[in-house]
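Take a look at the letters that make up each chain.
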Amino acid sequence: MARSVRDLALAYALPAGPDGADGYSTAPREFDAGLGTSPDRHVRVGWLVDSGLGPTDAEVAATVRAAADALRTAGVQVDAVEIPALERDNPLELWTKMNVMEVKPAFRQVTAGHEDQMFTYSKTLAGMPDTSVEDYVRAEQGIERLRDGFAEYFQRYDVLLLPVTTIPAHEHQLGQFTLDGRTVDAFHVSSTTVPFNLTGLPALSMRFGTNSDGMPIGVQLAADWHSESTILHIASLLETLSPVRDLHPAL
């Protein structure tokens, strides 16, 4: 979305704040639960590459560890962490049950008579079994447990550092991947981002490495609700430490 964290912060400043057309937008513009009012406060960062989210490509995991080491070298408190809520309720499974129930009827409506033109993802979703009301309610309860688990985590840490995707960029139309000796389907690449889709927590992704095939590898930073300034603060610091900070695509 932006060439630098500074540019991203400037872009974020435009849509930030309440939207009169959105009934869920309640935070006043001046509200800041992050580091906006205290940028010199000691920051605590936890990092993980699994914690129930499933296998991760070795080079992706190494990049996350490198980012954690870089922050530690810069004087940030950095600890390897686990989040039990992610091990108790699989976010990808919860998202799948919710998404099938909420999106599948709309897909059926807009693709009626054009089924042969459906994109691969749409076909996959349409082929999944319908979510029962009971499973939908259980998924909602699981999401609430995830929110509670993250709320507990952010009582102890300000930021969570983790992979953006479980594998680097890959060829199109691959349906399965083998990671750490385990075969996973293509949806697994979203395992590390789906928790924040479900909980509404703010998250930011940024490149921090390159794999052996020359493909970019990113890391992800997540923070507590309304703590965008915390993410931008740590991302800005990490940007200065990044081994790929001067690599940009030719535009």
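Presented here is a report on the structure given in the accompanying data block. (Residues numbered from 1 in each chain as written. Predicted model: local features only at pLDDT ≥ 70, side-chain atom pairs only at ≥ 80, totals over all residues. Heavy atoms only, no water.)

1. Some remarks on a negative patch on the surface
Judged by side-chain charge, Asp50, Glu82, Glu87 and Asp180 come together as a negatively charged surface patch. Among the structural elements, Asp180 can be located in the loop between β4 (176-179) and β5 (182-185). (Patch = residues over 30% accessible without salt bridge, like charges linked within 9 Å, V, L, I, M, F, W, Y side chains within 5 Å. Areas by Shrake-Rupley, 256 points an atom, 1.4 Å probe, with all protein chains shown as cover. Salt bridge = Lys/Arg side-chain N within 4 Å of Asp/Glu carboxyl O. Lys, Arg positive; Asp, Glu negative; His and termini not counted. Charge placed at Lys NZ, Arg CZ, Asp CG, Glu CD. Helix = DSSP H or I, 4+ residues; strand = E, 2+ residues; numbered from the N terminus.)

2. Things to note about the layout of surface pockets
Of the pockets and cavities examined, the largest pocket occupies roughly 880 Å³. Taken together, 25 residues line the largest pocket, and the ones lying closest to its centre are Met1, Ala2, Leu8, Leu204 and Ser205. Sorting the residues of the lining of the largest pocket by element identifies α1 (5-13), β6 (203-210) and α8 (228-241) as the ones contributing at least two each. Split by residue class, the lining of the largest pocket holds 16 nonpolar, four polar and five charged. (1 Å grid on protein atoms, 1.4 Å probe; cavity = no way out; pocket = protein on both sides within 12 Å on 5 of 7 lines; lining within 4 Å. Points joined across faces, edges and corners; volume = space filled by probe spheres on them. Nonpolar A, V, L, I, M, F, W, Y, C, P; charged D, E, K, R; others polar.)

3. What about the nonpolar core?
Counting 26 residues, the largest nonpolar core has Val45, Leu161, Val219 and Leu221 as the members making the most contacts within it. Mapped onto this core, the elements with two or more residues apiece are β1 (44-47), α2 (58-73), β3 (159-163), β6, β7 (216-223) and α8. For this core, the element with the most residues is α2, which contributes six residues. Contacts of Val219, omitting those with residues within four sequence positions, involve Thr63, Val64, Ala67, Leu161, Leu162, Val164, Leu204, Ser205, Met206, Phe208 and Leu238. Among the nonpolar cores identified, the runner-up in size contains 24 residues, and Tyr157, Leu160, Phe196 and Leu198 belong to it. (Core = buried A, V, L, I, M, F, W, Y, C linked by side-chain atoms within 4.5 Å. Buried < 20%, exposed > 50% of the residue type's maximum accessible area, 1.4 Å probe, protein only. Contact = heavy atoms within 4.5 Å.)

4. So, the packing of aromatic side chains
Any pair of aromatic rings gets described here by the distance separating the centres and the angle formed by the planes. The final tally for this structure, using the stated rule, is four aromatic pairs. Between the aromatic rings of Tyr153 and Phe154, the centroid separation amounts to 4.9 Å while the plane-to-plane angle is 80 degrees, which identifies the pairing as edge-to-face. Of the two residues examined, Tyr153 and Phe154, each falls in the buried class. Summarising the aromatic geometry, the rings of Tyr153 and Tyr157 are spaced 5.2 Å apart at their centres and angled 15 degrees between planes, so their arrangement reads as stacked. Take Tyr157: its relative accessible area is 10%, and that puts it in the buried class. Put simply, the rings of Phe150, Tyr153, Phe154, Tyr157 and Phe196 touch in pairs and so form one group of aromatic residues. (Phe/Tyr/Trp six-rings, centres within 6.5 Å; stacked < 30°, edge-to-face > 60°.)

5. A look at the side chain of Thr63
Position of Thr63 relative to the elements: it lies in helix α2. The contacts of Thr63, once residues within four sequence positions are left out, are Phe208, Gly209, Ile217 and Val219.

6. Some thoughts on the pattern of salt bridges
The final tally for this structure, using the stated rule, is nine salt bridges. Across the pair Asp89 and Arg88 runs a salt bridge, and its minimum N-O distance is 3.4 Å. The exposure class assigned to Asp89 is buried, which follows from its relative accessible area of 8%. Salt bridges linked by common partners bring Arg88, Asp89 and Arg145 together as one network.

7. Concerning the environment of Ala74
Relative to the assigned elements, Ala74 resides in the loop between α2 and β2 (77-80). For the pair Ala74 and Ser242, spaced 168 residues apart in the sequence, the C-alpha separation amounts to 12 Å. If near-sequence neighbours (up to four positions away) are discounted, Ala74 is found in contact with Leu237 and Leu241.

8. Thoughts on the packing of helix α4 (residues 91-111) against helix α6 (residues 133-153)
Across the interface, α4 lies against α6 with an axial gap of 9 Å and an inter-helix angle of 135 degrees. Between α4 and α6, the angle is such that the two are oblique. Considering the relative orientation of α4 and α6, their crossing is left-handed. Seen from α4, the contacting residues are Pro91, Leu94, Lys97, Met98, Met101 and Glu102; seen from α6, they are Val133, Asp135, Tyr136, Ala139, Glu140, Gly142, Ile143 and Leu146. Considering only residue class, the contact of α4 with α6 consists of nine nonpolar, one polar and four charged. (Axes fitted to C-alpha atoms, helices over the stretch in contact; angles between N-to-C directions. Parallel < 35°, antiparallel > 145°, perpendicular 65-115°, else oblique. Left-handed = near helix turned anticlockwise from the far one by under 90°.)

Purely spatial values, then, with no claim about function.
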